[in-house]
Amino acid sequence: MNAQGLMDTANKLVANDKGLLAMDESNPTCHKRFAKLGIPQTEAARRAYREMIVTTPGLGECISGAILYDETIRQQKKDGTPMVKALIDAGIVPGIKVDAGAKDMAAHAGEKITEGLDGLRKRLEEYSAMGARFAKWRAVITIGAGIPSRACIEANAHALARYAALCQEAGLVPIVEPEVLMDGGHTLARCREVTEEVLRTVFAQLCTQRVLLEGMLLKPNMVLPGLACPTQETVDEVADATVHCFLRAVPAAVAGIAFLSGGQSPELASARLNAMNVRFKSRLPWALAFSYSRAIQQPALEIWQGKDANAPAAQRALLHRGRCNRAARRGEYSAAMETSGA
Ligand code: 13P
């Protein structure tokens with residue numbers, strides 16, 4: 001394992017207040033989002049959409065890395081340039097989602113286990129040869145009556161750690177994503193308790209599997225009340241709960257933390273990240289960055305609507321979200337940015 005190479009890539013992904021753009025939606029997820037806007041659910045439309053994203057002028061000023069889906073890493077722009085090359089030319093490190101999705105867990109109603117370890121070593125070699133320098137694996141934890149179970153937390157943590165070790169063997173920085181979902185009526189306190197238990201279990205497994213913490217990134221949920229919870233805490237309260245939880249459960253050696261957005265509005269995802277950096281940045285061992293999909297892409301997708309003529313406006317919206325989140329890393333985001341056209 002080339003430890004220095006892994007650390008260099010991991011550090012690059014969180015350097016200069018930039019963050020990651022997750023554009024690795026599986027075809028079914030992509031189709032759901034396209035269908036809502038009447039965009040054709042075809043390979044051609046997916047390719048055109050991803051080309052619109054990777055060719056956004058100036059994207060590399062706020063985005064350090066982009067997470068691709070298997071189909072996209074094999075695709076080219078209309079002019080024949082590989083998507084991977086377009087990203088590299090824009091100063092953006094290409095990454096790849098390598099899990100095979102969260103499937104129903106046997107004997108555990110309502111819970112999921114992420115699949116994809118079989119054959120992973122070979123796939124990682126192939127992705128590395130195509131130019132990927134980091135990878136992502138998402139585990140899903142649901143809060144509900146009597147769940148999550150220890151079985152679900154342990155099985156997902158074990159899979160994340162085995163994936164991470166294989167990535168590092170292949171020279172790819174693993175992004176370790178244990179997502180505690182926002183769905184449900186649970187309180188912020190319950191999310192904090194579950195998130196802490198999940199993170200402790202994940203890091204115990206990462207250590208057992210000899211994963212180099214300095215050569216990985218954590219991609220966690222923020223600590224939030226469930227979407228249906230009647231009490232919705234303030235931005236500052238969410239920031240405090242999230243950072244206090246991580247200080248207890250995330251080793252200082254981890255290269256960086258890049259949040260998922262998980263269904264928060266783009267504005268809230270920026271405001272909460274900003275509050276964490278305003279209140280804690282100077283006393284944290286890790287960078288607090290972003291790795292958003294919906295919170296960066298959604299406004300652009302709604303403008304694009306599958307039409308070439310809308311691409312420049314959609315790209316401006318994408319860049320705007322990138323800039324808002326870079327500002328949030330600096331603790332310089334404010335609601336005024338949403339109207340100033342910055
Ligand atoms: P969201 O930011 O939309 O939660 O997506 C992040 C991601 O990559 C989920 O795996």
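Look above for the structure.
Below you will find a few notes about this structure. (Residues numbered from 1 in each chain as written. Predicted model: local features only at pLDDT ≥ 70, side-chain atom pairs only at ≥ 80, totals over all residues. Heavy atoms only, no water.)

### Brief notes about the overall build of the protein chain
Rules: Think of it this way: any DSSP run of H or I at least four residues long counts as a helix, any run of E at least two long counts as a strand, and we number them from the N terminus. C-alpha atoms define the radius of gyration, and 2.2 Å times the number of residues to the power 0.38 defines the globule rule. We call a residue buried when its accessible area falls under 20% of the maximum for its residue type, exposed when it is over 50%, and partly exposed in between, using a 1.4 Å probe and counting protein chains only. The contact rule is simple, with two residues in contact once any of their heavy atoms fall within 4.5 Å. In short, Shrake-Rupley with a 1.4 Å probe defines the accessible areas, and a residue's cover is counted only from the protein chains shown.
Broken down by element type, the protein chain carries 13 helices and ten strands. The C-alpha atoms of the protein chain give 19 Å as radius of gyration, which agrees with the globular expectation for 342 residues (20 Å, within 12%). A total of 342 residues make up the protein chain; the buried ones form 56% of that total. Restricting to contacts in the protein chain with at least 6 residues of sequence separation, those with at least 24 account for 78%. Carbon and sulfur atoms make up 52% of the accessible area of the protein chain, which amounts to about 13,500 Å² in all.

### Here's the deal with the site of the ligand
For clarity, the threshold we go by: Here a residue counts as near a molecule or strand whenever at least one of its heavy atoms sits within 4 Å of it. Side-chain atoms alone can form a polar contact between residues adjacent in sequence; in general such a contact is a pair of N or O atoms within 3.5 Å, and within protein one must be able to donate a hydrogen while the other accepts it. Residues were grouped as follows: Ala, Val, Leu, Ile, Met, Phe, Trp, Tyr, Cys and Pro as nonpolar; Asp, Glu, Lys and Arg as charged; and all remaining residues, including Gly, as polar.
Around the ligand, the surrounding shell holds 13 residues, and the nearest of these are Lys136, Lys219, Ser261, Gly262 and Arg294. A distance of 2.6 Å separates an oxygen atom of the ligand from a polar atom in the side chain of Lys219. Look at the ligand: alone it shows 300 Å² of surface, and the protein chains cover 94% of it. Looking at the shell around the ligand, the elements with two or more residues in it are β6 (134-141) and β10 (287-292). By residue class, the composition of the shell around the ligand is three nonpolar, four polar and six charged.

### Topic: the environment of Pro174
For Pro174, the position within the fold is in strand β7 (residues 173-180). For the pair Pro174 and Ala164, spaced ten residues apart in sequence, the C-alpha separation works out to 5.2 Å. Apart from the residues within four sequence positions on either side, Pro174 is in contact with Ala135, Tyr163, Ala164, Cys167, Gln168, Gly215, Met216 and Leu217.

### As for the packing of helix α6 (residues 120-130) against helix α7 (residues 150-169)
Threshold: Orientation is described by lines fitted to C-alpha atoms, with helices fitted over the stretch in contact, and by angles between N-to-C directions that extend from 0 to 180 degrees. Any angle that falls under 35 degrees is termed roughly parallel, while one over 145 is termed roughly antiparallel, one within 65 to 115 roughly perpendicular, and all others oblique. The hand of a helix crossing depends on one turn: near helix anticlockwise from the far one by less than a right angle means left-handed, and clockwise means right-handed.
For the pair α6 and α7, the least separation of the axes is 10 Å and the interaxial angle reads 40 degrees. The pairing of α6 with α7 is recorded here as oblique in orientation. Read as a crossing pair, α6 and α7 show a hand that is right-handed. Residues Leu120, Arg121 and Leu124 of α6 pack against Tyr163, Leu166, Cys167 and Glu169 of α7. When grouped by side-chain class, the residues that make up the contact of α6 with α7 number five nonpolar, no polar and two charged.

### Structural notes on the packing of aromatic side chains
Just so we agree on the cut-off: Aromatic rings from Phe, Tyr and Trp, with only the six-membered ring used for Trp, were paired whenever their centres fell within 6.5 Å, and each pair was classed as stacked if the ring planes differed by under 30 degrees, edge-to-face if by over 60, and tilted otherwise.
Applying the stated criterion to the full structure yields six aromatic pairs. Measuring from centroid to centroid gives 5.7 Å for Phe246 and Phe259, while their planes differ by 20 degrees, and the two rings are stacked. Remark: Phe259 occurs in strand β9 (residues 256-259) and Phe246 occurs in helix α9 (residues 235-249); sequence separation between them is 13 residues. On the basis of relative accessibility, which here comes to 0%, the residue Phe246 falls in the buried class. The class for Phe259 is buried, based on a relative accessible area of 0%. Linked through ring pairs, Phe34, Tyr49 and Trp304 together constitute an aromatic cluster.

### Considering the sheet that holds β7
For clarity, the cut-off: A pair of strands is treated as paired once DSSP finds two or more bridges between them.
Spatially, eight strands are ordered β1-β2-β3-β6-β7-β8-β9-β10 in a closed barrel, and the strand pairing comes out parallel. Across three bridges, the pairing between strand β3 (residues 93-97) and β6 is parallel. When the sheet's bridge partners are listed, Lys97 is paired in β6 with Lys136.

### Examining the side chain of Asp17
Locating Asp17 in the fold gives a position in the loop between α1 (3-13) and β1 (19-23). Taking the relative accessible area as the measure of exposure, Asp17 reaches 18% and is therefore buried. A polar side-chain atom of Asp17 sits 2.9 Å from a polar atom in the side chain of Arg330. Setting aside its immediate chain neighbours within four residues, Asp17 contacts Lys281, Phe290, Arg326, Arg329 and Arg330.

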